[in-house]
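Coordinates in review
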Amino acid sequence: MKVKEIMKTLEAKHPGEKEYLQAVEEVLVSIEKVYNEHPEFEKAKIIERLVEPDRIFTFRVTWVNDKGEVCTNLGYRVQFNAALGAYKGGLRFHPAVNVSMLKLLGFEQIFKNSLTNLPLGGGKGGADFDPTGKSDAEIMRFCQAFMYELWRNIGPDQDSPAGDVGVGGREIGYLYGAYKKLAREHSTGALTGKSYGWGGSLIRPEATGFGAMYYVERMVKQKKENMKGKKIALSGFGNVAWGAATKAVEMGAKVVAISGPDGVCEIKDGITKEMIDYMLDMRASNRNKVEDMATKFPKLAKFTAGKKAWSVKCDIAMPCAFQNELSEDDAKMLIKNGVKYVAEVSNMGCQPGAIAAFQKAKLPFAPGKAVNAGGVATSGLEICQNAGHINWTAEEVDVKLHKIMNDIYDMCVEYGKKGNTIDYVKGANIAGFMRVAKAMLAQGII
Ligand code: GLU
C-alpha cells in the first residue's frame, strides 16, 4: 500500500469530503508499515475495501413543528464495516451533519469498536436537524419521522444505533418507542443508550466519560504520577463531559473549565457535585449555552464569551465536544500554559496540526477512538443484557467497562511503544486495524 496513491484515488472519488479524507489519512499513515509487512492484506485489497462503506442510506425526514409548519431534514445511516459483527455506532443530530462527517465517524467507529474486543462492526448515522431551541414535542415528532425510514435497516443482529452529539436518553426513548411500534420487537438491542428499566444498562450514560478517565488515569500512572489535584479542562457540557467530570472528581482531580459554543466557564476551585448535576439541566433546556452555569453559580464559575476551554491553564486537556474542535493555535496555547497530557474524548477532536504540536512537544496524546471507546463498549454490554433478558448491577457493568479500558490501554502500548515513549495514535490505529483485517481476510472476498 502507498498512502499517497490511495489518498489521491479517494480524493478524486470523493471530492470535498474533507473530514472523511482526514480520518482515512490519519489511520493509513499509522498502519502503512505494518500493513506492508503482510502481503496477504495487499493481495486481498483490505485497504481499498475498508475505506468504502458497505452501504449508505440517505432519506428524507419530514415532520411538523409546533407552529404547524412542515419541515424537511435529511437523515442518514452509514453501514461501514461488519467484519467483526453487526454495525454499531451512534446517531448525530446537528445542522452540520453531512455524508463526509458521518463517513469520518463511521470509519473511526470500525477501529474503536474493534479495540473493545467485542463483536461490533462499525456504523454511524444522523440528521442535519438542529435540536437547539426545539420543544420536547418537536423532538419527539422528529425522532418518530426519522424512525419511519430507518427501522427496516436496524436490529440487534443487523445494525444497532445509539446516541451521539444531539442524541441523548430522551431522543433514544422516542426513537426506540417508534421502532417498537413499527417493528413489533419489544425487547431488543436494536438501539442502545435506553434508560434503565426498559432495556437500558446501568452505567451506559456515564460510560464514555468514565471510560475516558480510566484511560487517562493509566496515561498519568505511566508517567509515575497520580490524578490527585490534577487540573482538567473539558470542552462541552453534554453527556460525555458530565461523565468525565463525575469520575474526575471521584478520582480527586479538579475540573477547572467546561465550555460551550458561546464561550468558557472557568471554575477556579474545581467543579462541584451540584454543578455536575446542573450540567444535566443545561442539556435538557436545549439552550446550548455554558453561560447558564455561571448564572446559576456566580461565585464559583466565571464565564468568558468567545473563548475556548483551552485558554484555561490545566494539566490535562480533554476535548469532549466535536471533531476538529482543538486547533494548532489552541495546542500551542495549552503547551505554553504547561499542559502535561491530552486525551481526545470527542471523535477526531484535534486538528492534525494540533496533534503534531503535542507530539513535537513530547506530550502524551491519546486519540478519541481509544479514549472514548467506553461508550460503545457499554452499548455492547447493553446488547448482551438485552439478548439474555437480564440486568447487571452497576458494579458488574463498571468492572467490565474498567477492564475493557485497561485492555485498550495495554493494546495501545503494545503497538505504540517507541523506546521510552508511547505513540498512542499509532498504537490505537494498528491494534484496531489488525483485528478487522484478520477478520476480513478469514471471511473471504465479499
Ligand atoms: N456515539 C458514541 C461513539 O462515538 C457511542 C456509540 C454507541 O454506543 O453505539 O462511540
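What this report covers is the structure whose coordinates are included nearby. (Residues numbered from 1 in each chain as written. Predicted model: local features only at pLDDT ≥ 70, side-chain atom pairs only at ≥ 80, totals over all residues. Heavy atoms only, no water.)

**Points about the site of the ligand**
Around the ligand lies a shell of 14 residues, among which Lys88, Lys112, Gly163, Asp164 and Ser379 are the nearest. Here an oxygen atom of the ligand and a side-chain polar atom of glutamine 109 are 3.1 Å apart. Within the contact set of the ligand, an oxygen atom lies 2.8 Å away from a side-chain nitrogen or oxygen of lysine 112. Summarising the interface, the protein chains cover 94% of the accessible area of the ligand, which totals 290 Å² for the free molecule. Considered class by class, the residues forming the shell around the ligand number two nonpolar, seven polar and five charged. (Near = heavy atom within 4 Å. Polar contact = N/O pair within 3.5 Å; in protein donor to acceptor, adjacent residues only side chain to side chain. Areas by Shrake-Rupley, 256 points an atom, 1.4 Å probe, with all protein chains shown as cover. Nonpolar A, V, L, I, M, F, W, Y, C, P; charged D, E, K, R; others polar.)

**Looking at the side chain of histidine 14**
On the secondary structure map, histidine 14 appears in the loop between α1 (3-13) and α2 (18-36). Judged by relative accessible area, which is 13%, histidine 14 ranks as buried. For histidine 14, the side chain forms a polar contact with the side chain of lysine 103, separated by 3.4 Å. (Helix = DSSP H or I, 4+ residues; strand = E, 2+ residues; numbered from the N terminus. Buried < 20%, exposed > 50% of the residue type's maximum accessible area, 1.4 Å probe, protein only.)

**Focus on the sheet that holds strand β6 (residues 231-234)**
An order of β9-β8-β7-β6-β10-β11-β12 is seen for the seven strands of this open sheet, with the pairing classed as mixed. Two strands bound the open sheet, and with one partner strand each, they are β9 (302-305) and β12 (365-366). Where strand β10 (residues 316-318) and strand β11 (residues 341-343) come together, two bridges link them in parallel fashion. By the bridge assignment for β11, isoleucine 316 is matched with tyrosine 341. Contacts from helix α9 (residues 239-250) reach β6 and β7 (254-260) within the one sheet, and its direction differs from that of β6 by about 170°. (Pairing = 2+ DSSP bridges. Contact = heavy atoms within 4.5 Å. Axes fitted to C-alpha atoms, helices over the stretch in contact; angles between N-to-C directions.)

**Quick notes on the pattern of salt bridges**
Summed over the entire model, instances satisfying the criterion amount to 23 salt bridges. In this structure, arginine 77 and aspartate 159 form a salt bridge, with 2.7 Å as the shortest nitrogen-oxygen distance. Within this pair, whereas arginine 77 is found in strand β2 (residues 70-81), its partner aspartate 159 is found in strand β5 (residues 159-162), the two being separated by 82 residues in sequence. Notably, a salt bridge pairs aspartate 410 with arginine 218, separated by 2.8 Å at the nearest N-O pair. With aspartate 410 in helix α16 (residues 394-416) and arginine 218 in helix α8 (residues 204-222), the pair connects residues that are 192 residues apart, well separated along the chain. (Salt bridge = Lys/Arg side-chain N within 4 Å of Asp/Glu carboxyl O.)

**Thoughts on empty space enclosed by the protein**
All chains considered together, the criterion is met by one cavity of 30 Å³ or more. Taken together, Glu26, Glu108, Glu344, Met348, Pro367, Gly368 and Lys369 make up the lining of the largest cavity. (1 Å grid on protein atoms, 1.4 Å probe; cavity = no way out; pocket = protein on both sides within 12 Å on 5 of 7 lines; lining within 4 Å. Points joined across faces, edges and corners; volume = space filled by probe spheres on them.)

**Regarding the side chain of lysine 103**
Within the secondary structure, lysine 103 is located in helix α5 (residues 99-115). Judged by relative accessible area, which is 2%, lysine 103 ranks as buried.

**Topic: the packing of aromatic side chains**
For the structure on display, the rule yields 20 aromatic pairs. Here tryptophan 63 and phenylalanine 142 contribute two aromatic rings whose centre-to-centre distance is 6.0 Å and whose plane-to-plane angle is 85°, an arrangement assigned as edge-to-face. Taken together, the positions of tryptophan 63 in strand β1 (residues 55-64) and phenylalanine 142 in helix α6 (residues 136-150) put the pair 79 residues apart, joining distant regions of the chain. Assessed through its relative accessible area of 0%, phenylalanine 142 is described here as buried. Relative to phenylalanine 142, the ring of phenylalanine 129 lies with its centre 3.9 Å away and its plane at 5°, an arrangement referred to as stacked. Of this pair, phenylalanine 129 sits in the loop between β4 (122-127) and α6 while phenylalanine 142 is found in helix α6, placing the two residues 13 residues apart along the sequence. Among the aromatic residues, ring-to-ring pairing joins Phe59, Trp63, Phe93, Phe129, Phe142 and Phe146 into one connected group. Its guanidinium or amino end placed over the ring of phenylalanine 129, lysine 134 lies 5.3 Å from that ring's centre, counting from NZ or CZ. Stacked on the ring of tyrosine 176, the Lys or Arg lysine 194 has its end atom at 5.3 Å from the ring centre. (Phe/Tyr/Trp six-rings, centres within 6.5 Å; stacked < 30°, edge-to-face > 60°. Lys NZ or Arg CZ within 6 Å of the ring centre and 35° of its normal.)

**What about the packing of α8 against helix α15 (residues 373-387)?**
Where α8 contacts α15, the two axes come as close as 7 Å, and the packing angle between them is 145°. Considering only the axes of α8 and α15, their crossing is right-handed. Across the interface between the two elements, Arg204, Ala207 and Thr208 from α8 touch Gly374, Gly375, Val376, Thr378, Ser379 and Glu382 from α15. (Left-handed = near helix turned anticlockwise from the far one by under 90°.)

**So, the nonpolar core**
One finds Tyr215, Ile232, Leu234, Ile258, Met293, Met318 and Ile408 to be the most contacted residues of the largest nonpolar core, which totals 67 residues. Those residues within four positions of isoleucine 232 in sequence are excluded, and the remaining contacts are Met213, Met227, Ala248, Ala253, Lys254, Val255, Val256, Ala257, Cys314, Ile316 and Met318. By size, the runner-up hydrophobic cluster in this structure holds 41 residues, among which are Val78, Leu84, Met101 and Met440. (Core = buried A, V, L, I, M, F, W, Y, C linked by side-chain atoms within 4.5 Å.)

**Things to note about helix α13 (residues 352-360)**
Looking only at α13, the buried set comprises Ala354, Ile355, Ala357 and Phe358. Buried residues along α13 cover an arc of 160° about the axis, so they all sit on one side. Looking one or two residues past α13, lysine 362 carries a phi angle of roughly 60°, positive in sign. (Arc of directions from axis to C-beta.)

**Brief notes about the pairing of β1**
Across 10 bridges, the pairing between β1 and β2 is antiparallel. Residue pairing in the sheet places phenylalanine 59 in a bridge with glycine 75 of β2. The loop that links β1 with its antiparallel partner β2 comprises five residues; one of these, glycine 68, has a positive phi angle of about 85°.

**Some thoughts on the sheet that holds β4**
Reading across the sheet, the five strands line up as β1-β2-β4-β3-β5 and stay open at both edges, with mixed pairing between neighbours. At either end of the open sheet lies a strand with only one pairing partner, and these are β1 and β5. Strand after strand, the sheet turns through a mean of 20° between neighbouring axes, direction not considered. Note that strand β3 (residues 87-93) and β4 share three bridges and pair parallel. Directly across from leucine 91, in β4, lies its bridge partner glycine 125. Strands in contact with α5 are β1, β2, β3 and β4; relative to β4, the strand with the most contacts, it is inclined by about 150°.

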